[in-house]
Amino acid sequence: MDDTTFAHGLPKAELHLHIEGTLEPELMFTLATRNGVNLPFATVDDVRAAYEFTDLQSFLDIYYQGAAVLITEQDFYDLASEYYTRAADAGVRHVEMFFDPQTHTERGVAFETVLDGLTRAGADAQEQLGISNGLIMCFLRHLDAAAAMATLEQALPHRDRILGVGLDSSEVGNPPELFADVYARARDAGFLAVAHAGEEGPPAYIWGALDALGAQRIEHGVRCLEDPALVARLAAERIPLTVCPISNVRLRVVDTMADHMLPAMLEAGLMVSINSDDPAYFGGYIGDNYAAAAGIGLSRHTLAEIARNSFRSSFLTDDEKNRLIAEVDAFVAGT
Ligand code: HPA
Ligand code: ZN
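In this text the structure is predicted, and so the values were computed from the model without any measurement.

Draft legend 1. Molecular detail of the site of ligand 1. Within the structure, ligand 1 sits among His18, Leu56, Phe59, Leu60, Tyr63, Asp168, Ser169, His196, Glu199, His220, Asp277 and Asp278. The backbone of Ser169 places a nitrogen or oxygen atom 2.8 Å from a nitrogen atom of ligand 1. Taking Glu199, its side chain carries an N or O atom lying 2.7 Å from a nitrogen atom of ligand 1. When the free accessible area of ligand 1 is taken as 260 Å², the share hidden by the protein chains comes to 100%. Placement of ligand 1 is best described as lying within the largest cavity. In terms of residue count, helix 4 (residues 56-66) provides more of the shell around ligand 1 than any other element does, four residues in total. When grouped by side-chain class, the residues that make up the shell around ligand 1 number four nonpolar, four polar and four charged.

Shown next, in the form of structure tokens:
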């Protein structure tokens, strides 16, 4: 078995995946036709050619534009079903999936339409593919705290279908502290809490996500390495960091994969997992991200440990974690 086959076959959890970021150009055209939405692109190749990013914002602009084709419950179902099928092929056994309600409610799509489609696809993924899954709704940090609070209000009647809350979109200039009250309310209502921090933003935003928001897991977090006291805390408390190597290269957080801080983060004893973020836009699903890590020299032993970390970092019960970690052990033993 070569490294790529190993990377794709390893049983793993995906914890940093924006469902809107799995919209492949082919499905974008199908949905645009189905819904009578005009796209500013003539062909699938034109869409892919537009995916050249200089930073997070240059990506977000085109990502929010693409989401405009998502209108009906069936659209969200189809989007998520395509993702789960690909995930199953990449060894994914458990998904904690982000969605951005405000991207849709701002366009007049009902919160329930989004949630119903994603929930139905999740139930089918569990039943047909054996992939356990949950939803985490993210607040868009380029919008204000009042808008986030209004979104939380919409979610409260559906508490049983949403695992937790997250924070995404334009990071720099939108520190976590702005959303402290929203997170406090969400945690009181029983939602788990995670947040993007330290992707483009400084280490102070990671401290803020932990202390002001009560985040139990950090998305990206790669800039923690600039602050030794923060690294010490993250390691001591085993706070999970969901790292997305191909995303970081495509959004120019690092210049090349060889410059990626994944080896340094592991060396520092951090609880790191590998994830795909927005695979349709960055040209790589989770198996490709594991393969990219192999490509910069991470051993199979290390990749398997990262796969175990992905389950340890999840919100599964200890019994479920142990069962899935045993699947990693069995896979490694069989190679
Ligand atoms: N960072 C911030 N917002 C996002 C991302 C990301 O990596 N992906 C989708 N929305
Ligand atoms: Zn992300």
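Draft legend 2. Main features of the side chain of Ser169. Relative to the elements of secondary structure, Ser169 occurs in the loop between strand 4 (164-168) and helix 9 (180-188). Side chain to side chain, Ser169 and Tyr64 meet in a polar contact 2.8 Å long. For Ser169, the residues in contact, after removing those within four places along its chain, are Leu56, Leu60, Tyr64, Leu140, Arg141 and His142.

Draft legend 3. Geometry of the sheet that holds strand 4. Read from one edge to the other, the open sheet built from eight strands follows the order 1-2-3-4-5-6-7-8, with strand pairing classed as parallel. Taken across any chain shown, the strands that pair with only one partner, and hence form the sheet edges, are strand 1 (12-14) and strand 8 (271-274). Strand after strand, the sheet turns through a mean of 25 degrees between neighbouring axes, direction not considered. Two strands pair when backbone bridges link them, and strand 6 (residues 217-220) and strand 7 (residues 240-243) are joined in this way by two bridges, in the parallel orientation. Across the sheet, residue Ile218 finds its bridge partner in strand 7, namely Leu241. Contacting strand 5 (192-197) and strand 6, helix 10 (residues 203-211) runs over the sheet at an angle of about 170 degrees to strand 5.

Draft legend 4. Layout of the pairing of strand 3 (residues 132-140). Counting buried positions along strand 3 gives eight out of nine residues, so the element sits mostly inside the fold. Here strand 2 (residues 92-99) pairs with strand 3 via six bridges, running parallel. The partner of His94 across the bridge, within strand 3, is Ser132. Summarising the sheet, strand 3 and strand 4 pair through five bridges and their orientation is parallel. Its bridge partner lying in strand 4, Cys138 is registered against Gly166. Handedness of the crossover joining strand 3 and strand 4 through helix 8 (residues 145-155) is recorded here as right-handed.

Draft legend 5. Local environment of the packing of aromatic side chains. On inspection of all chains with the given rule, the structure shows 13 aromatic pairs. Taken together, a centroid distance of 5.5 Å and an interplanar angle of 55 degrees make the contact between Tyr83 and Tyr84 tilted. Ring geometry for Phe139 versus Tyr183: centroids 6.1 Å apart, planes at 70 degrees, classification edge-to-face. Here Phe139 is found in strand 3, whereas its partner Tyr183 is found in helix 9, with 44 residues between them in sequence. Like Tyr183, Phe139 is buried. Ring pairing ties together the aromatic residues Tyr51, Phe53, Phe59, Tyr63, Tyr64, Tyr281 and Phe282, which thus form one cluster. Stacked on the ring of Tyr290, the Lys or Arg Lys12 has its end atom at 4.9 Å from the ring centre.

Draft legend 6. Focus on the coordination of the zinc ion (ligand 2). The coordination sphere of the zinc ion (ligand 2), as far as protein atoms go, consists of His16 (NE2), His18 (NE2), His196 (NE2) and Asp277 (OD), spread over 2.0 to 2.2 Å. Taken together, the four donor atoms coordinating the zinc ion (ligand 2) span angles of 82 to 175 degrees at the metal, a pattern that classifies the geometry as irregular. Here the donor residues for the zinc ion (ligand 2) map to a single chain with the spacing H-x1-H-x177-H-x80-D.

Conventions used here
- Residues numbered from 1 in each chain as written.
- Chains lettered and ligands numbered in written order.
- Predicted model: local features only at pLDDT ≥ 70, side-chain atom pairs only at ≥ 80, totals over all residues.
- Heavy atoms only, no water.
- Near = heavy atom within 4 Å.
- Polar contact = N/O pair within 3.5 Å; in protein donor to acceptor, adjacent residues only side chain to side chain.
- Areas by Shrake-Rupley, 256 points an atom, 1.4 Å probe, with all protein chains shown as cover.
- 1 Å grid on protein atoms, 1.4 Å probe; cavity = no way out; pocket = protein on both sides within 12 Å on 5 of 7 lines; lining within 4 Å.
- Sits in = over half its atoms within 2 Å of the grid points.
- Helix = DSSP H or I, 4+ residues; strand = E, 2+ residues; numbered from the N terminus.
- Nonpolar A, V, L, I, M, F, W, Y, C, P; charged D, E, K, R; others polar.
- Contact = heavy atoms within 4.5 Å.
- Pairing = 2+ DSSP bridges.
- Axes fitted to C-alpha atoms, helices over the stretch in contact; angles between N-to-C directions.
- Buried < 20%, exposed > 50% of the residue type's maximum accessible area, 1.4 Å probe, protein only.
- Right-handed = clockwise from strand over helix to strand, strands pointing away.
- Phe/Tyr/Trp six-rings, centres within 6.5 Å; stacked < 30°, edge-to-face > 60°.
- Lys NZ or Arg CZ within 6 Å of the ring centre and 35° of its normal.
- Donors = N, O, S within 2.8 Å, 3.2 Å for Na, K, Ca; no water.
- Tetrahedral: all angles 85-135°; square planar, octahedral: opposite > 155°, others 65-115°.

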